[in-house]
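# Summary of the model geometry
For reference, the chains in residue letters:
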Amino acid sequence: QVQLMESGGGLVQPGGSLRLSCAASGSIFSIDTMGWYRQAPGKQRVLVATIFSSGSTNYADSVKGRFTISGDSAKNTVFLQMNSLKPEDTAVYYCNVYSRPTAWAPWAPSWGQGTQVTVSS
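Now for a look at the structure at hand. (Residues numbered from 1 in each chain as written. Predicted model: local features only at pLDDT ≥ 70, side-chain atom pairs only at ≥ 80, totals over all residues. Heavy atoms only, no water.)

### Digging into the pattern of salt bridges
Two side chains with opposite charge may pair up if their charged atoms get near one another. The condition is simple: Throughout this description, the term salt bridge denotes a Lys or Arg side-chain nitrogen within 4 Å of a carboxyl oxygen of Asp or Glu. A helix here means a DSSP run of H or I that spans at least four residues, while a strand means a run of E at least two residues long, and both kinds are numbered starting from the N terminus. Relative accessibility under 20% of the residue-type maximum defines a buried residue, over 50% an exposed one, and the middle range a partly exposed one, all with a 1.4 Å probe and only protein chains included.
Applying the stated criterion across every chain, the model contains three salt bridges. A salt bridge links Asp89 to Arg38, with the nearest nitrogen and oxygen atoms 2.9 Å apart. One end of the pair, Asp89, is in the loop between strand E8 (77-82) and strand E9 (91-100); the other, Arg38, is in strand E4 (residues 30-39), and 51 residues separate them in sequence. Of the charged contacts, one joins Lys64 and Asp61 as a salt bridge, the two residues approaching to 3.1 Å between their closest N and O atoms. When its relative accessible area of 48% is taken as the criterion, Lys64 is described as partly exposed. One salt-bridge network, held together by shared partners, links Arg38, Arg66 and Asp89.

### What about the sheet that holds E8?
To keep it simple, the criterion reads: Strands pair, by our definition, only if DSSP identifies at least two bridges between them. As a rule, the C-alpha atoms of each element are fitted with a line to give its axis, helices using only the stretch in contact, and angles between N-to-C directions run from 0 to 180 degrees.
The strand order across the open sheet formed by four strands is E1-E3-E8-E7, and the pairing between neighbours is antiparallel. Single-partner strands in this sheet number two, and they are strand E1 (2-7) and strand E7 (67-72). Ignoring strand direction, the axes of neighbouring strands in this sheet form an average angle of 15°. Inspection of the sheet shows E7 paired to E8 by six bridges, in the antiparallel sense. By the bridge assignment for E8, Gly71 is matched with Val78.

So this is what it looks like as structure tokens:
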């Protein structure tokens, strides 16, 4: 079983910055991808950004140029630096990890409990 510990959410004014962190622990042999999703009230959960084991990244169009995802593979940790925040970025942000407990096990997703990000003046 994999546990994800998220931190860094909070209340920030428009134009401000926040940094989210997510540390994965438990039965992890290797990680394929780590990423962040968000879910606004009344809306579906959507992808924000992903970082692959190769180091390549992928972003939703709505956050390109403002958010940066990075990872520390040695610590199984992923970060999301969010700059120039807008009210429409308000949502619960969820960490997502695809990992496997052994070399021959299939990749499986794990989710964090979510951290609230509120952008408001």
